[in-house]
Every structure is written in structure tokens, then in C-alpha cells.
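# Survey of secondary and tertiary structure
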Amino acid sequence: FKPPCDIFVTFSDERSRKQQVAVKKDNGKTTMVPAFQSLETIAGEVSIAPVPGKRIEHMGVKIELLGQIELYFDRGNFYDFTSLVRELDVPGEIYERKTYPFEFSTVEMPYESYNGTNVRLRYILKVTIGRNYVGNIVESRDFCVRNYSPLPSINNSIKMEVGIEDCLHIEFEYSKSKYHLKDVIVGKIYFLLVRIKIKNMELEIRRRESTGSGPNTYVETETLAKFELMDGAPVRGESIPVRLFLTPYELTPTYRNINNKFSVKYYLNLVLVDEEDRRYFKQQEINMFRLDETPQPS
């Protein structure tokens, strides 16, 4: 049942395009694909090479640009939020290798590619050779979308208090609430009252992915980073500096209610552990974004 031809999809600027992103395929293997951003033009060529000695009768050749969301509890069902079609050939026969140029100009791709625990958002170019009495021949090529944001004009600091009456009272402060993916979390923790024996303290970065809606909502929380802030007991009046670099961790921007299918949020979780291994924690949401690093005109 080997298809009677090979189909190759190439992007016109594939070799010169600087940004390539690793994408995991259905078979578990990782492949490098070109990265685009919204409103870019996606162009290239489709090449169809019949097996020597074979000819392909077809009902037309088309290429589609699809943006799809797949929820893993509903595997195999794709929700298309972007769907564009270009007809490449009218019905006929292909005897030898044939190449078709294609172009999708200034495509709106509002959501970033995402491969999570329970959901995948992907963009593909899908070539279909329509056939009458036998199955269509289909070939897909993945690409990636990365969308960038400027620095926010307002970025308030986070100030919070956490305490247990007459036992513990601490204040913590982070310099801002919105971070780009290569940022540094800078802050300070103040101990105002310490009457329990604290063994250690750490800061965690947590990702919370929620998919589905109503009774079919699935929430998956993952701890991406654990950073020890202090080992040993603090004393009243002490302050502990916080400096956590985000570059080593595989973070994405914050996604809020993408196409009514999923959300991804990030939290800073401050954890204190006492000598009896009781855990006290305080969680605070932070906003993540991908910084546009292109130089701005002066």
C-alpha cells in the first residue's frame, strides 16, 4: 500500500530563515521546523514525484494551511481555527515529477504553537491529491508560530504578606508581575515574626494547563523549577534576596482561553518547610510573554 508518489513541501526561505524550532512528531521523534509569526507570508513549492513507471490519475491537487487544536482526551479530533486553501492543479494525470509554487500572503496566525500535557496547538501545510476510486494521497508539513510582544508600559511590583497568627509573619516583594521568557525574577523576603523553626525555603515556578470546559475540564499542574532561597532558620528582621534566571526553563507565554479550548498560566510558589516537615506556601500568578527583540526605530 505504498503511495504511488512522493510529495515534498519546501518553504521558499527555509535555508535562510534564522529561527528553527524543535517539534515532537506523532512517532515521538523530534524534527526542526521553521518558525514564523502572525501576518507573515508563507510561500514555497510542492513537488510531486511519481514512482518510476507509474502515472497518477487525479481529481485535482490542493494545499491547505491549517491551524489546529487537538485535546488529548478527544484524540484524533482536530479543531481548525485557521483554514486556507490554494488549488494547485485541475483534474488530470501526472507522469513525471511536477512542481507547483504556492503562497499564502500575510496570514493571520493569532495563537502560538504549543505542545502541552493534554493539548497541542499546531500549524501544518497539508497537500491532498484527490482521487476517484481509491483513497486520496495526503502529505503534511509542520511549521511553528512564535508571536512577540513589546515591553509592557505598566508592570507593577508584587507585594504580599503571609503569616500564621502569633507564629510567623513574612512579607515578600517581587520587582514586577510581567516577565519575558529570558527575564530574571528579582525580589526580597522579609521576616517580621518567626516563632516556628523553619528548616528551609524555596521558590517554585509552576505551570497550570487547563483544557476543556464545564464538567470536562482537566487541570494539570507542573513544577518547572525549584530554587532554594534559604537553608536554616531565619531570625526576625532578616531579609533574603531573590534572583532567579528564567532562561534555563522551558517556559511559554501565558495563554488565556485560546479559542475556548485551553489556558496556560504561570505561578510563583513560595514554600517554607519547618522542622516537622510541615509545608507553608503562598502562590502568586505572574504573566509571561515573548519579548520582541528586534531593534525599534529611534
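Heads up: the structure comes first, above all this text.
Being a predicted model, the structure only gives us computed values, none of them experimental.

Conventions we followed
- Residues numbered from 1 in each chain as written.
- Predicted model: local features only at pLDDT ≥ 70, side-chain atom pairs only at ≥ 80, totals over all residues.
- Heavy atoms only, no water.
- Salt bridge = Lys/Arg side-chain N within 4 Å of Asp/Glu carboxyl O.
- Helix = DSSP H or I, 4+ residues; strand = E, 2+ residues; numbered from the N terminus.
- Buried < 20%, exposed > 50% of the residue type's maximum accessible area, 1.4 Å probe, protein only.
- Pairing = 2+ DSSP bridges.
- Axes fitted to C-alpha atoms, helices over the stretch in contact; angles between N-to-C directions.

A full pass over the atoms with the stated rule returns 17 salt bridges. Across the salt bridge formed by E14 and R141, the nearest N and O atoms sit 2.7 Å from each other. Of this pair, E14 sits in the loop between strand 1 (5–11) and strand 2 (20–24) while R141 sits in strand 12 (residues 137–145), and the two are 127 residues apart along the sequence. Its relative accessible area of 23% is what places E14 among the partly exposed residues. Residue R278 is joined to D274 by a salt bridge in which the shortest nitrogen-to-oxygen separation is 2.9 Å.

A word on the pairing of strand 11 (residues 119–129). For strand 11, the buried fraction is high: 10 of the 11 residues fall into the buried class. Relative to strand 11, strand 6 (residues 61–71) runs antiparallel, the two sharing 11 bridges. When the bridges of strand 11 are listed, L71 appears paired with V119. Between the end of strand 10 (residues 114–115) and the start of strand 11, which pair antiparallel, lie 3 residues. Strand direction decides the pairing type here: strand 11 and strand 12, joined by 7 bridges, are antiparallel. Looking at the pairing, Y123 lines up with F143 of strand 12.

So, on to the sheet that holds strand 9 (residues 98–104). One open sheet accounts for 3 strands, arranged 1-4-9; its pairing is antiparallel. The sheet is open, and its two borders are formed by strand 1 and strand 9, each paired with just one other strand. Strand-to-strand twist in this sheet, taken as the mean axis angle between neighbours without regard to direction, amounts to 20°. Here 7 bridges tie strand 1 to strand 4 (residues 42–50), and the two strands are oriented antiparallel to one another. Following the sheet pairing, C5 is matched in strand 4 by P50.

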